[in-house]
Every structure is written in C-alpha cells, then in structure tokens.
Amino acid sequence: MTSLRLNYVALTDVGLRRSTNQDSGYASSHLIAIADGMGGAAAGDLASATTMNIVRQVDADLGDVDPLETLAHAVAAANTKLGQLVRDDPSVEGMGTTLEAMLWDGHRFATAHIGDSRAYLLRDGKLTQISTDHTFVQSLVEEGKLTPAEARVHPHRSLLLRVMLGRDDNDPDLAWFEGRLGDRFLLCSDGLSDMVDDATIEQTLGAETIDQAATELVRLALEAGGYDNVTVVIGELVDASEEPDQHLSSADGRPQLVGAASEGPRGRTGQAASGSDTVVSTPAAAVDPEELRYAPQAPSRSLWLRPVGFLAAFVGLLLVVGVFAYQYTQRQYYVGEYAGQVVIYRGVDIDIPGITLRHVEEGTGITVKTLPASYAAQVRAGISDVNSLQEARETVEELRSAVPETPEPSPSPTPTKKPSSRKTQAA
Ligand code: CA
C-alpha cells in the first residue's frame with residue numbers, strides 16, 4: 001500500500017466588512033483545523049485563538065495514544081479553558097467558537113466538528129461535505145422542511161444549535177475518516193461557504209495545486225462581497241515517496257498558523273484590509289495560550305498630535321461621511337440583549353466612544369436566560385444577519401419558539417407553535 005503524506009496550506013482574510021479577524025486556522029503535516037469565533041467586540045477572536053492554540057498542541061503529542069481520544073481531550077481542554085475565561089471576565093460571556101479539526105495519523109483521520117464551519121472532501125473531482133452543520137436550518141433540512149438551496153439563503157442560517165461555549169453541554173462530533181491518495185480536504189469558515197456555492201468550490205478546489213486553490217477560494221469570497229472573515233485550510237494526501245513540490249508553501253515542513261490565533265493579544269487588527277492576493281500564512285508562533293488575554297485597545301490619540309488645520313478639515317470630512325454613515329446605520333436592525341431581555345435594536349452593534357449608533361426599537365418579553373445556551377449566546381453577541389425589521393421579528397419568533405415550555409403564570413395563554421424537533425437542540 002502506498003504510504004501517504006499530507007500536504008497543507010492555511011489562508012485567511014479579514015474580509016471587506018469586518019475590522020477584526022475572529023477566525024483561526026492551522027495546518028501542518030498531521031493536523032488541519034479551523035475555528036470561527038463569535039461573541040462581539042473582543043471575545044470572538046479570544047475564543048477562536050484560545051481554542052486553536054490548545055487544539056493545535058495535539059500535533060506535537062501524537063505518540064502511541066489513540067488519535068481520536070487525543071483530539072477529544074484537546075477539545076474538552078479548550079472548552080474548559082473558555083469556561084474559565086468567562087468566569088474570570090464576565091464581560092466576555094457569550095463568546096464561543098466553532099471547531100473543525102482533522103488529525104492525520106499516517107493512515108486515517110481522527111476528526112472533531114462542532115458548529116457551522118465546514119469540512120469538504122474532493123475525491124475524483126467530486127465535492128462532498130463531510131461535516132454536518134449544527135445549525136437551525138440544517139435541522140429543518142433533515143426534517144424535510146427546507147431544501148438545501150433554501151437553507152443556503154435562509155435569513156437565519158447562522159443560528160447555531162451547537163458551538164463551543166465553555167459549558168459542558170455542547171460536545172463535538174467525533175469520528176474517523178479514511179483518506180485516499182489524491183484526496184483533498186477543505187476546512188472553511190462560513191465566510192467562504194456563505195459566499196461561494198459548492199459547484200464553484202468543487203471546481204476551484206481542483207486547481208493544479210492546493211496553494212492556488214486556497215488563494216482562489218479566498219479571492220472568490222472577497223469578490224462575492226467578503227461580508228465575513230474568510231478562512232480556508234486545505235490538506236492533500238500525496239504519495240510519501242515522491243519528492244515534495246518545492247513551490248508549495250508546505251514544502252518547508254513548518255506548520256502554518258493564521259488569523260486570530262496568530263496574532264498576539266494586542267495585534268488584533270494586524271491583518272485588516274489585506275488584498276485578495278495576500279497570503280498571510282505565518283509559521284506557528286510559540287504562543288502560550290495562558291498569555292492570550294483580552295487586552296482592550298485604547299482609542300487612538302494620534303489625532304491630537306496633528307496640526308489643528310488638518311484636524312478641522314478632517315473633522316469636516318468626517319461630519320459629511322458621518323451623516324451618511326449614521327443614516328445608513330439607522331436603517332439596520334439586529335436582535336440583542338437589553339437588561340436581560342431579548343430586544344430588537346435599530347442601528348448597529350458597534351461601540352464608538354461618545355456616539356450612540358443603536359437604540360431599542362422593540363421589546364419582545366423574552367428573557368435571555370430562558371433560551372437554550374447556544375441561542376442565548378448568539379443573542380448576547382447580537383444577531384445581525386437580518387435585513388429588515390420584519391426579518392428581526394421573524395428571528396425573535398424563532399427564538400420564542402425555542403424557549404422550553406415552563407408553567408409560567410400567564411393571564412391569557414396564547415397557542416404556541418408546535419413543539420417541533422427543535423427539542424433536539426442542547427437545552
Ligand atoms: Ca464567520
């Protein structure tokens with residue numbers, strides 16, 4: 001039997017709309033992994049970086065132990081760490097991350113999956129998704145209530161049923177996967193899979209080299225709008241007896257760490273606004289997960305150092321831009337938390353000192369605490385993928401139907417929606 005080697009590449013881009021990269025990616029000759037963090041201001045990248053920096057340690061630990069067990073332990077350790085970070089700093093409550101990891105032991109892969117990041121296999125030119133999204137829409141697809149095509153454009157496609165939150169009620173899917181010579185594996189964040197359809201991914205992943213495929217996939221996601229951070233990690237099984245292609249980024253044998261996990265505690269904007277052709281793979285830094293703590297960045301004071309005239313012109317320009325920007329923000333809605341309640345905000349969930357860009361548009365009467373953990377976390381982080389007040393209200397109704405029924409005193413019990421199989425979520 002042919003002895004197989006894993007070639008690899010990891011690539012990320014902050015995208016065109018976000019200021020920070022909350023994705024983390026890792027690739028080496030034994031491990032390919034991706035984590036897509038969530039949780040607002042600073043917590044999403046902390047969750048993804050912390051998780052990645054713990055999980056990638058299995059790369060060094062591969063000995064006689066069972067790879068799947070090793071991976072499971074690492075995921076559990078990362079989850080425990082997230083829980084500890086939340087207890088130490090309640091301001092990061094609600095942060096979480098997806099995780100997709102494939103550990104190659106020379107014969108097969110041990111895999112771990114939680115959330116809506118994806119693992120795809122390209123074999124004989126045909127693309128298959130080998131992970132199952134832990135999302136609300138995927139549960140509807142499985143019940144036959146939505147087609148995959150409808151799920152793709154569903155306004156609430158990013159509502160997650162399972163994600164790593166530092167709690168003990170959200171376990172990953174763990175499984176073995178047999179790889180074959182020529183197989184290509186793509187792990188990606190929803191910044192790719194939301195923007196680029198499977199047929200295009202299939203064609204692009206088949207590029208001459210995996211480096212070309214990675215660059216082209218990221219470019220396509222940006223070209224389609226780049227609404228989110230986009231991260232791709234690709235592994236390819238090749239004949240181990242063949243000379244490595246010296247043009248590949250993995251030819252040097254060094255691991256590649258990209259995104260939030262590759263940035264220090266203060267470097268969160270280091271990869272902002274990179275161009276489509278920017279390969280930002282960096283060798284794995286020896287980052288001690290213990291050092292990764294949330295370090296808020298002070299507002300820039302550089303303006304005060306500029307001449308007053310320049311400042312005045314700049315402020316004038318800002319005012320013009322600001323008026324348009326403000327008007328734009330006031331046509332946006334999102335679902336979030338206010339005083340423990342689920343509310344619909346008008347505006348955007350961005351903190352700018354001295355400026356309020358949001359206000360509560362509507363209350364809902366839903367207490368955040370009564371929601372299943374993964375929903376509550378998303379509300380705390382802000383559910384912003386709604387395009388109108390109407391869509392925000394629909395999201396609220398989905399949240400309302402997810403509240404486990406309790407014998408609450410209610411003057412006029414209204415008929416609730418059928419308790420459908422949403423009960424499958426971690427309650
Ligand atoms: Ca994402």
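See the structure above.
Notes on the structure follow. The structure presented is a predicted model; accordingly, all values stated were derived computationally and were not measured.

Taken together, the protein donors to the calcium ion comprise Asp36 (OD), Asp36 (OD), Asp190 (OD) and Asp228 (OD), at separations of 2.3 to 3.0 Å. Mapped onto the sequence, the residues coordinating the calcium ion show the spacing D-x153-D-x37-D. Here aspartate 190 lies in helix α6 (residues 190-193) and aspartate 36 lies in strand β3 (residues 31-38), a separation of 154 residues in the sequence. Here aspartate 36 and aspartate 190 have matching classes, each one buried.

All right, on to the side chain of arginine 184 then. Tracing the backbone shows arginine 184 in strand β10 (residues 184-188). A polar contact of 3.0 Å, which involves the side chain of arginine 184, links it to the side chain of glutamate 236. Leaving out residues up to four positions away in the same chain, arginine 184 has contacts with Tyr120, Leu121, Leu122, Leu205, Gly206, Ala207, Glu208, Thr209, Ile210, Gly235 and Glu236.

A few words on the packing of helix α7 (residues 198-205) against helix α8 (residues 210-223). Between α7 and α8, the least distance of the axes is 9 Å, while the angle of their chain directions is 150°. It follows from the interaxial angle that α7 and α8 lie roughly antiparallel. As α7 packs across α8, the resulting crossing turns out to be right-handed. On the side of α7, the interface is formed by Thr200, Ile201, Thr204 and Leu205, while α8 contributes Ala213, Glu216, Leu217 and Leu220. Its residues assigned to classes, the contact of α7 with α8 shows five nonpolar, two polar and one charged.

Along the polypeptide, threonine 97 turns up in strand β4 (residues 96-97). Within the local environment of threonine 97, its side chain forms a polar contact with the backbone oxygen of aspartate 36, the two atoms lying 3.3 Å apart. What threonine 97 contacts, discounting residues up to four positions off in sequence, is Ala35, Asp36, Gly37, Met38, Ala47, Ser48, Thr51, Leu82, Val163 and Met164.

Calculation rules
Residues numbered from 1 in each chain as written. Predicted model: local features only at pLDDT ≥ 70, side-chain atom pairs only at ≥ 80, totals over all residues. Heavy atoms only, no water. Donors = N, O, S within 2.8 Å, 3.2 Å for Na, K, Ca; no water. Helix = DSSP H or I, 4+ residues; strand = E, 2+ residues; numbered from the N terminus. Buried < 20%, exposed > 50% of the residue type's maximum accessible area, 1.4 Å probe, protein only. Polar contact = N/O pair within 3.5 Å; in protein donor to acceptor, adjacent residues only side chain to side chain. Contact = heavy atoms within 4.5 Å. Axes fitted to C-alpha atoms, helices over the stretch in contact; angles between N-to-C directions. Parallel < 35°, antiparallel > 145°, perpendicular 65-115°, else oblique. Left-handed = near helix turned anticlockwise from the far one by under 90°. Nonpolar A, V, L, I, M, F, W, Y, C, P; charged D, E, K, R; others polar.

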